[in-house]
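# Notes for the structure review
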Amino acid sequence: MCSAVVDGSASKQSNQRARASRTLDPRTKLFMLLVANLMLFFHVSVITQIIMVVLFLIPLAAAGRWKLTMNFALTYAVLTGLGLLDPEALGLPWIHVVSALAVGCTMMLPCFITGAYAFTTTSPSAFICAMRRMHAPESVVIPCVVVIRFFPTIAEDYRQIRNAMALRGIAAGGWELVRHPAQSLEYILIPLLMNATNVAQDLSVAALTKGLGREGTHTSRTEIRMRFVDWLMMIVVLIPLALDIAGVIR
C-alpha cells in the first residue's frame, strides 16, 4: 500500500516536471505579455500582427493547450476576415461598424493570448520565484499572486453555481442565460460577485499567512532558470515588432 502511494506521488511529480519542461520561464512569459502590449501601443500592421499571433500561439500549443490554441486561432482568423471587409464594395454601410469592432478586437487579442498562456501555465510558486529573481517589491508580488489564484477560483465557483442552478431547473443551458437575463443576473451573477469579494480577501489572508509579506530573504523549493529556448523566444518575438517600428514591415 505504501509503495503504491509512493509510486503514485513520484509519477505525479514526474508528470508535473514534464509539463513544466514544455513551458517557458515565467520571466519570458512576462516579456511576451509586454511585447503584446507594445504592439497595441504602436498600432502595428496586419502582417506584423499575424506573425506575432502565430509566434504567441506556438508556446501555447507546445504547453498542451490545444483547445485554447484552436479557439484563439479561429477567433483571430474570423475577426481578421471581418476587419478586411469592404463596405463600399458590398454596398452595406453598416459593415463599417462590424469592421471597426473586429479591428479593435484583433488589436487586443495578442494581449489575451499571452495573458492566457501566462496564467494557465504558471504556478503561483513559479511566479513568486520569478518576481523575486527580478527583485520586485513584495507590494507588487502579493497582489499578482492573488490575481493568479483569483480567476481559477472564481471559475470553479461559477461552475458550482451553474451546477446548483441546473439541478433546480434554472439556467440549465447557455441559451437559457440569454432567454432569461434577469433570472441569470439574480441567481448566477449576483452570487458570483458577492463571492468574489470573499475569495479575494481569503486569498490575500492566505498569502500573508504563508509569509509572503515577511521582510528578509525568502527561500523557495521551486527552481526556475532561463534556458536557450527562452532567450530565443524573447529575441524572435522582438524582431517583428522592431522591424514594424522601423518601417521595414508595412
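This text goes with the structure placed above it.
Before going into details, it helps to say that this report is about the structure given with it. (Residues numbered from 1 in each chain as written. Predicted model: local features only at pLDDT ≥ 70, side-chain atom pairs only at ≥ 80, totals over all residues. Heavy atoms only, no water.)

### Thoughts on the nonpolar core
- With 23 residues, the main nonpolar core has Met52, Phe56, Phe72, Ile113 and Val237 as its most contacted residues.
- Put simply, the parts of the chain that give this core at least two residues each are α2 (26-42), α3 (46-62), α4 (66-83), α6 (95-121) and α11 (228-245).
- It is α3 that provides the largest number of residues to this core, a total of 6 residues. (Core = buried A, V, L, I, M, F, W, Y, C linked by side-chain atoms within 4.5 Å. Buried < 20%, exposed > 50% of the residue type's maximum accessible area, 1.4 Å probe, protein only. Helix = DSSP H or I, 4+ residues; strand = E, 2+ residues; numbered from the N terminus.)

### Section: the packing of aromatic side chains
- Under the counting rule described, the total for this entry stands at 1 aromatic pair.
- Pairing phenylalanine 41 with phenylalanine 42 gives two aromatic rings, centres 5.1 Å apart and planes at 85 degrees, and the pair type is edge-to-face.
- You can call phenylalanine 41 exposed: its relative accessible area is 65%.
- Residue placement shows lysine 29 over the ring face of tyrosine 117; its charged tip is 5.3 Å from the ring centre. (Phe/Tyr/Trp six-rings, centres within 6.5 Å; stacked < 30°, edge-to-face > 60°. Lys NZ or Arg CZ within 6 Å of the ring centre and 35° of its normal.)

### Here we look at the side chain of threonine 114
- If you trace the backbone, threonine 114 turns up in helix α6.
- By relative accessible area, threonine 114 is classed as buried at 2%.
- At a separation of 3.2 Å, a polar atom in the side chain of threonine 114 contacts the main-chain carbonyl oxygen of cysteine 111. (Polar contact = N/O pair within 3.5 Å; in protein donor to acceptor, adjacent residues only side chain to side chain.)

### Some thoughts on the side chain of aspartate 25
- On the secondary structure map, aspartate 25 appears in the loop between α1 (2-21) and α2.
- Engagement of the side chain of aspartate 25 in a polar contact is seen with the backbone nitrogen of arginine 225, the distance being 3.4 Å.
- In this structure, aspartate 25 is in contact with Ile224, Arg225, Met226 and Asp230, ignoring residues within four places of it in sequence. (Contact = heavy atoms within 4.5 Å.)

### Concerning helix α8 (residues 138-167)
- An ideal rise of 1.5 Å per residue puts 44 Å on 30 residues; α8 measures up with 44 Å between its terminal C-alpha atoms.
- The principal kink in α8, of about 25 degrees, is found at phenylalanine 150, preceding the proline proline 152 by one to four residues.
- Those residues of α8 not exposed but buried are Val141, Ile142, Val145, Val146, Ile148, Phe150, Ile154, Asp157, Ile161, Arg162 and Met165.
- Just downstream of α8, glycine 169 is the residue with a positive phi angle, here 80 degrees. (Expected span 1.5 Å × (residues − 1). Bend = angle between axes of the 7 residues up to and from the residue.)

### Brief notes about α3
- The end-to-end C-alpha distance of α3, which contains 17 residues, comes to 25 Å, matching closely the 24 Å that a straight helix rising 1.5 Å per residue would cover.
- Each element contacted by the buried residues of α3 is listed here: α2, α4, α6 and α11.
- Just downstream of α3 lies glycine 64, where phi reads positive at about 90 degrees.

### Points about the packing of α2 against helix α7 (residues 124-133)
- The interhelical angle for the contact between α2 and α7, taken along N-to-C directions, is 80 degrees, at an axis separation of 9 Å. With respect to their mutual orientation, α2 and α7 come out roughly perpendicular. Here α2 contributes Pro26, Arg27 and Leu30 to the contact with α7, which in turn contributes Ala126, Phe127, Ala130, Met131 and Arg133.
- Split by residue class, the contact of α2 with α7 holds 6 nonpolar, no polar and 2 charged. (Axes fitted to C-alpha atoms, helices over the stretch in contact; angles between N-to-C directions. Parallel < 35°, antiparallel > 145°, perpendicular 65-115°, else oblique. Nonpolar A, V, L, I, M, F, W, Y, C, P; charged D, E, K, R; others polar.)

### Re the pattern of salt bridges
- This model, assessed by the stated rule, comprises 3 salt bridges.
- One salt bridge connects arginine 159 with glutamate 156, and the closest N-O pair in it is separated by 2.7 Å. In this pair, arginine 159 and glutamate 156 both sit in helix α8, 3 residues apart, roughly one turn of the helix.
- By relative accessible area, glutamate 156 is classed as partly exposed at 35%.
- A salt bridge links aspartate 230 to arginine 227, with the nearest nitrogen and oxygen atoms 3.7 Å apart. (Salt bridge = Lys/Arg side-chain N within 4 Å of Asp/Glu carboxyl O.)

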